[in-house]
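Tertiary structure, described
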Protein chains: 2
Amino acid sequence: MTKPPGHDKSPENLKAALTEFIEILGQDNVMTDHEIMKSYTGSDWSSYVPKENEVPAIVLNPGSTEDVSRIMKVCHKRVIPVTAYAGGTSLEGHFTATKGGVSIDFQRMNQIVALHKDDLDVVVQPGVEWEALNEELAQTGLFFPPDPGRGAKVGGMVATGCSGTNAYYYGTMREWVLSLVVVLADGTVIKTRQRPRKSSAGYDLTKTFIGNEGTLGLVTEATLRLTNYPENQTVAVASFPSIHSAAGCASAVVRKGVHIAAVELLDDVQMETINASGLTSHHFEESPTLFFKFSGTPSGTQEQISIIKDLAEREKVKTFQFARDPDEVDKLWGTRKSALDSIVQRKKDPSDRVWTTDVAVPISRLPDIIEETREDINKSGVVGGIAGHVGDGNFHAMLVFSNQEQKLVEELIHRMVKRAIEMEGTCTGEHGIGLVKRDYLPHEVGESTVDAMRKMKQAFDPLCLLNCDKVIRMQVPKQEEVSE
Amino acid sequence: MTKPPGHDKSPENLKAALTEFIEILGQDNVMTDHEIMKSYTGSDWSSYVPKENEVPAIVLNPGSTEDVSRIMKVCHKRVIPVTAYAGGTSLEGHFTATKGGVSIDFQRMNQIVALHKDDLDVVVQPGVEWEALNEELAQTGLFFPPDPGRGAKVGGMVATGCSGTNAYYYGTMREWVLSLVVVLADGTVIKTRQRPRKSSAGYDLTKTFIGNEGTLGLVTEATLRLTNYPENQTVAVASFPSIHSAAGCASAVVRKGVHIAAVELLDDVQMETINASGLTSHHFEESPTLFFKFSGTPSGTQEQISIIKDLAEREKVKTFQFARDPDEVDKLWGTRKSALDSIVQRKKDPSDRVWTTDVAVPISRLPDIIEETREDINKSGVVGGIAGHVGDGNFHAMLVFSNQEQKLVEELIHRMVKRAIEMEGTCTGEHGIGLVKRDYLPHEVGESTVDAMRKMKQAFDPLCLLNCDKVIRMQVPKQEEVSE
């Protein structure tokens, strides 16, 4: 463990820094208003509840890589901690300014810098939303597959190494970034590589920064791989007698190597909740349900559907329906996407919270862990749905709870994570470690591996300026901070 | 730049180390015979010609991760440089013991540790050959896609981040490794992650070690992703009037997003050479030729073939033929794979050498760079073929030359690499940097990026024990070592 970071957050130092920031960005892009500062601490859907003092002193809106580099030079010289902010949709406390200091909001850096249609790539700034990007790309027939939560921006998507429903077929963010421009903790600007689709020139720094959670550097530009928008998409929905049989079918489909674009699971609670929410016009069977997405030629899709129907029947499928037209495709798939929104509606009191967490396991263990977790939630009496990217062995529990239920929920999640790690899985399949899951990391990968990660952090950010203490604790934690 | 590594290669130190190695491995697995040592310096197909003194003093054959850890603890304590050796098929000097000291040969660590059929993964030791692995997997219907040169082993495949003809569809080694056990320079053993197909638990150390070229740690176990063996493979071969039109067709196929399993190019010299070699019974048109591989349902494949035929006709294709049966599929595809072997036959004198090098560019630039490089080779009078994984914008020049032509060949390759970098490409698409391409790296990615890589090296191997000075120069080079 290293010694505590010597951050200088004295009023004099921050005041002097402020003057320098205004020089760099102009008055309009430097904020200190307390109300604004508070909006950079958390969100309604974040699992981490910020403490009173976890508020930035200054929020900056840079307009360019050069701006960010100059900001970091000031923060480096003055040893001021920095937190990056893009879409603010992450769940594990990534953008909470736990050390105070400066938050950098990339909202002004929201441009598509260059679209290379013939190379199937696009250069974007970190403030670009993935949905806006795909709208822009639609006219060219191209598309960018990673589909995390609504509102997520490229900077955060790189930082968390996000994925979503398309990951089963297309892979995660890791597979869709060709190159990054990154500002390091001391203000140095690096470009990880050029634009060829394949390279083995030196260490894979692009991948180093994907999933760095804002702790190793700040992404100021990304070159993203694109692909052609899939033709002839269709969706099938299958409901099962038990969660074990639904997960078992998903697992069998993966094992069989059926060419599907996605396979998602929503459990019975989730389906009830969706019916009750009024967010979709369709009324669904209130049983554990798989949503399959297909793309390809009509005859190819028919073949795949018949294989899947066969596998579903072995798991005693109750109903199996298809979208009859593109409109219904959107509607059925939209249902899957409304899972979190519908769960939020189950708050009984405005002070209730929603805790969304995820784990992933080797695919053969999926039926067991999902069943055990469902039973555990039922026993606890807490309202919670299970939904997941089951093709990747990855699922989410979304729990709605009151203050009184806080401890109960913490314990539920603790057992779910423990189960995943014991099954050779991971404490997080796509949300990242952030603040909330730091103490699971040594259990999952071992102390020596966490030490290796710490060496990497020290190499890139020896002053611990960037999202200090997230992902990896840099200081020995107090006894009560660490769970079993 | 760091100070020169203080390696201790004194006879006393090596002798004392030898005693410790024998204690760890037993006499049979510790070698010092000079003839054996010389076989760890290079190969007939390596671009790097080892100097007289670039020979290990000791070769070790460990049998387990624990052995490797104990070896590294000795080398760390005694500051002895270490070079890893797996299949010995790399091209850029990776396994040459440039610093003397110890070479670790992983040949005894050649076991499949665990096959998890239902999870689509397999745990293997670094000495497993990819072809042997696929033979073993064949009975389960599973397969491991990366297909580098014959004889390559998993340890080296991870170290170079290899790829091959399957990379266009399946991705490179980077996409097929779930987790690694790595012994670090001080003997620490880490496991990068567990076995789920998706994880965002901490920094992506797995990717850090893929492509590390033996400089950051020694891989002692790898968990590899598997997929189902593709059904109904077929192959089509199309010959074109010019290399520009052949590359243009490949580029158009990629841009159109046609679902093919692979697309490879061999130029006219390569096709002549293959006809002359007698390595295949088929007689080919001696023109620039594309080899397409398809997999999927018969009707799906027919659709793809007709789209490709159409794109080929726009480029004035001369001939277009298909494999009529599985035997012909193997024969035609085998032709592509015989490119290097046939070129080797063109040596006029046993002292002639073959230099195989690769670059990659954004796909739209492929026709230009291939044409310019072909013309440049023609003008030089050197015998050389061009072959490549053109779906990835990646191609190889394979040059046969005498001692007198050495300078000519160096200049040809220099111009080819320069061309690639100027087109926003890379000095190596899949072979790695090793010793030969170190000085291109700063031109390609910039000095600040190479510095960031150097920080990573220093974090993991501060004594510069592992393949010291490969990928990145740790010491300021002498003037004459660095090209333009």
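Residues numbered from 1 in each chain as written. Chains lettered and ligands numbered in written order. Predicted model: local features only at pLDDT ≥ 70, side-chain atom pairs only at ≥ 80, totals over all residues. Heavy atoms only, no water.

**Focus: the environment of serine 306 of chain B**
Residue and element names in this part refer to chain B. Looking at the secondary structure, you find serine 306 in helix H10 (residues 298-314). On the basis of relative accessible area, serine 306 is assigned to the partly exposed category, the value being 45%. Along the primary structure serine 306 and threonine 32 are separated by 274 residues, whereas in three dimensions their C-alpha atoms are 60 Å apart. (Helix = DSSP H or I, 4+ residues; strand = E, 2+ residues; numbered from the N terminus. Buried < 20%, exposed > 50% of the residue type's maximum accessible area, 1.4 Å probe, protein only.)

**What to know about the UniProt feature "domain: FAD-binding PCMH-type" (unreviewed entry) in chain A**
The residues that UniProt annotates with the feature "domain: FAD-binding PCMH-type" (unreviewed entry) are residues 52-229 of chain A. For the annotated span residues 52-229 of chain A, helix accounts for 22% and strand for 24% of the residues, and the straight-line distance between the end C-alpha atoms is 46 Å. (UniProt positions renumbered as here; feature names shortened; annotations may be inferred.)

**Examining unusual backbone geometry**
Residue and element names in this part refer to chain A. Its identity is not glycine, yet leucine 120 carries a phi of approximately 55°, on the positive side. Considering the arrangement of structural elements, one finds leucine 120 in the loop between strand E5 (112-116) and strand E6 (121-124). Since its relative accessible area comes to 3%, leucine 120 is described here as buried.

**With respect to the interface of chain A and chain B**
Contacts between the two partners involve 84 residues from chain A and, on the opposite side, 84 residues from chain B. Summing the contributions of chain A and of chain B, the shared interface buries around 6,600 Å²; its carbon and sulfur component is 54%. On the chain A side of the interface with chain B, the three residues burying the most area are Lys198, Tyr203 and Arg255 of chain A, jointly 15% of the side's total. The tally of links between chain A and chain B comes to 10 salt bridges. Residues aspartate 204 of chain A and arginine 174 of chain B are paired through a salt bridge, measuring 2.8 Å at the closest nitrogen-oxygen approach. Counting the contacts that link chain A with chain B gives 40 residue pairs in polar contact (both at pLDDT 80 or more). Secondary structure elements with two or more residues in the side of chain A that touches chain B: helix H6 (167-170), strand E9 (189-191), helix H7 (205-209), helix H8 (243-256), helix H10 (298-314), helix H15 (441-445) and helix H16 (447-460) of chain A. Considering every element that reaches the side of chain A that touches chain B, the biggest residue donor is H16 of chain A, with nine residues. Counted by class, the side of chain A that touches chain B contains 29 nonpolar, 31 polar and 24 charged residues. (Contact = heavy atoms within 4.5 Å. Buried area = accessible area lost by both parts, 1.4 Å probe. Salt bridge = Lys/Arg side-chain N within 4 Å of Asp/Glu carboxyl O. Polar contact = N/O pair within 3.5 Å; in protein donor to acceptor, adjacent residues only side chain to side chain. Nonpolar A, V, L, I, M, F, W, Y, C, P; charged D, E, K, R; others polar.)

**Overview of the relation of the copies chain A and chain B**
Least-squares fitting of chain A to chain B yields an RMSD of 0.0 Å, with the transformation described by 0.0 Å of translation along the axis and a rotation of 180°. Given the turn and translation reported, the copies of this chain are related as if by a two-fold rotation axis. Taken as a fraction of all interface residues of chain A, those also at the interface in chain B reach 100%, which identifies the copy contact as same-surface. (Least-squares fit on C-alpha atoms with pLDDT ≥ 70 in both.)

**Some words on the sheet that holds strand E16 (residues 353-360) of chain B**
Residue and element names in this part refer to chain B. Spatially, the seven strands line up as an open sheet ordered E15-E12-E14-E13-E17-E18-E16, and their pairing is antiparallel. Each edge of the open sheet carries a strand with a single partner, namely strand E15 (319-322) and E16. When strand polarity is set aside, the average angle formed by the axes of neighbouring strands in this sheet is 15°. Here helix H8 (residues 243-256) sits on the sheet and contacts strand E13 (262-266) and strand E14 (289-294); the angle it forms with E14, its principal contact strand, is near 25°. (Pairing = 2+ DSSP bridges. Axes fitted to C-alpha atoms, helices over the stretch in contact; angles between N-to-C directions.)

**Re helix H16 (residues 447-460) of chain B**
Over its 14 residues, H16 of chain B extends 20 Å from the first C-alpha to the last, a length consistent with the 20 Å expected when each residue adds 1.5 Å. Every buried residue of H16 of chain B is accounted for by Thr449, Val450, Ala452, Met453, Arg454, Met456, Lys457, Ala459 and Phe460 of chain B. Contacts from the buried residues of H16 of chain B go to E9, H7 and H16 of chain A together with helix H7 (205-209) and helix H15 (441-445) of chain B. (Expected span 1.5 Å × (residues − 1).)

**Here's the deal with the nonpolar core**
Within the largest apolar cluster, 188 residues are counted, with the highest numbers of intra-cluster contacts made by Leu224, Leu290, Phe292 and Ile370 of chain A together with Leu224, Leu290 and Phe292 of chain B. Other than its neighbours up to four places away in sequence, leucine 224 of chain A contacts Leu120, Asp121, Val122, Val124, Leu133, Phe144, Val154, Met173, Trp176 and Val177 of chain A. (Core = buried A, V, L, I, M, F, W, Y, C linked by side-chain atoms within 4.5 Å.)

**Details of the packing of H8 of chain B against helix H13 (residues 366-380) of chain B**
All names here are of chain B. Close contact between H8 and H13 brings their axes to 8 Å; oriented N to C, the two are set at 155°. The orientation of H8 relative to H13 falls into the category roughly antiparallel. With respect to the hand of their crossing, H8 and H13 are arranged in right-handed fashion. Taken together, the residues of H13 that come into contact with H8 (itself represented by Ile243, His244, Ala247, Gly248 and Ser251) are Leu366, Pro367, Asp368, Ile370, Glu371 and Arg374. Each residue belonging to the contact of H8 with H13 can be placed in one class, and the counts come to five nonpolar, three polar and three charged. (Parallel < 35°, antiparallel > 145°, perpendicular 65-115°, else oblique. Left-handed = near helix turned anticlockwise from the far one by under 90°.)

**Quick look at the pairing of strand E17 (residues 383-389) of chain A**
All names here are of chain A. Buried residues dominate E17, accounting for seven of its seven residues. A two-sided burial pattern is seen for E17, the buried positions comprising Val383, Gly385, Ala387 and His389 on one face and Gly384, Ile386 and Gly388 on the other. Two elements, strand E13 (residues 262-266) and E17, share two bridges in a ladder whose sense is antiparallel. Each bridged residue has a counterpart across the sheet, and for leucine 266 the counterpart in E17 is alanine 387. Note that E17 and strand E18 (residues 394-401) share seven bridges and pair antiparallel. When the sheet's bridge partners are listed, isoleucine 386 is paired in E18 with alanine 397. Hairpin connection from E17 to E18: four residues lie between these consecutive antiparallel strands, with glycine 393 at a positive phi of about 70°.

**Looking at the domain arrangement of chain A**
All names here are of chain A. When the domains of chain A are assigned, the result is domain 1 (11-107 + 452-481), domain 2 (112-228) and domain 3 (236-433). When each unit is reduced to the centre of its C-alpha atoms, the spacing between domain 1 and domain 2 is 22 Å. In this complex, domain 1 contributes 26 residues to the contact, which on the side of domain 2 involves 29 residues. Joining domain 1 to domain 2, the criterion identifies zero salt bridges. (Domains from an automatic or database assignment.)

**Section: the state of the cysteines**
Residues and elements named next belong to chain A. With the rule as written, the count across this model stands at two disulfides over all chains. Between cysteine 464 and cysteine 468 runs a disulfide, and the two sulfur atoms are separated by 2.2 Å. Sign of the S-S torsion, about 100° for the bond between cysteine 464 and cysteine 468, identifies this disulfide as right-handed. In this structure, cysteine 464 and cysteine 468 share a single accessibility class: buried. With no disulfide of its own, cysteine 162 lies 17 Å from the sulfur of cysteine 427, the closest cysteine sulfur. Judged by relative accessible area, cysteine 427 falls into the buried class, the value being 0%. (Disulfide = S-S within 2.5 Å.)

**Considering the pattern of salt bridges**
Residues and elements named next belong to chain A. As enumerated under the stated definition, the model contains 56 salt bridges over all chains in all. Across the pair arginine 419 and glutamate 372 runs a salt bridge whose closest N-O atoms are separated by 3.7 Å. Here arginine 419, found in helix H14 (residues 406-422), pairs with glutamate 372, found in helix H13 (residues 366-380); they are 47 residues apart in sequence, far enough to count as distant. Since its relative accessible area comes to 13%, arginine 419 is described here as buried. Of the residues examined, glutamate 372 reaches a relative accessible area of 36% and is grouped as partly exposed. Taking the shortest distance from any N to any O, the salt bridge between lysine 457 and aspartate 461 comes out at 2.7 Å. Aspartate 461 carries the same exposure label as lysine 457, and that label is buried.

**A closer look at the environment of tyrosine 170 of chain A**
All names here are of chain A. For tyrosine 170, the location among the structural elements is in helix H6. In sequence terms tyrosine 170 and proline 145 are 25 residues apart; their C-alpha atoms lie 6.7 Å from each other. Residues within four places of tyrosine 170 in sequence aside, it is in contact with Phe143, Pro145, Glu175, Trp176, Thr227 and Pro230.

**Details of helix H11 (residues 326-337) of chain A**
Residue and element names in this part refer to chain A. Between its first and last C-alpha atoms H11 spans 16 Å; for 12 residues at 1.5 Å apiece the expected length is 16 Å, and the two agree. Listed as buried for H11 are Glu328, Val329, Leu332, Trp333, Thr335 and Arg336. With its buried residues spanning 140° around the axis, H11 presents them on a single face. In H11, those exposed residues whose orientation departs by more than 90 degrees from the buried face are Pro326 and Asp330. (Arc of directions from axis to C-beta.)

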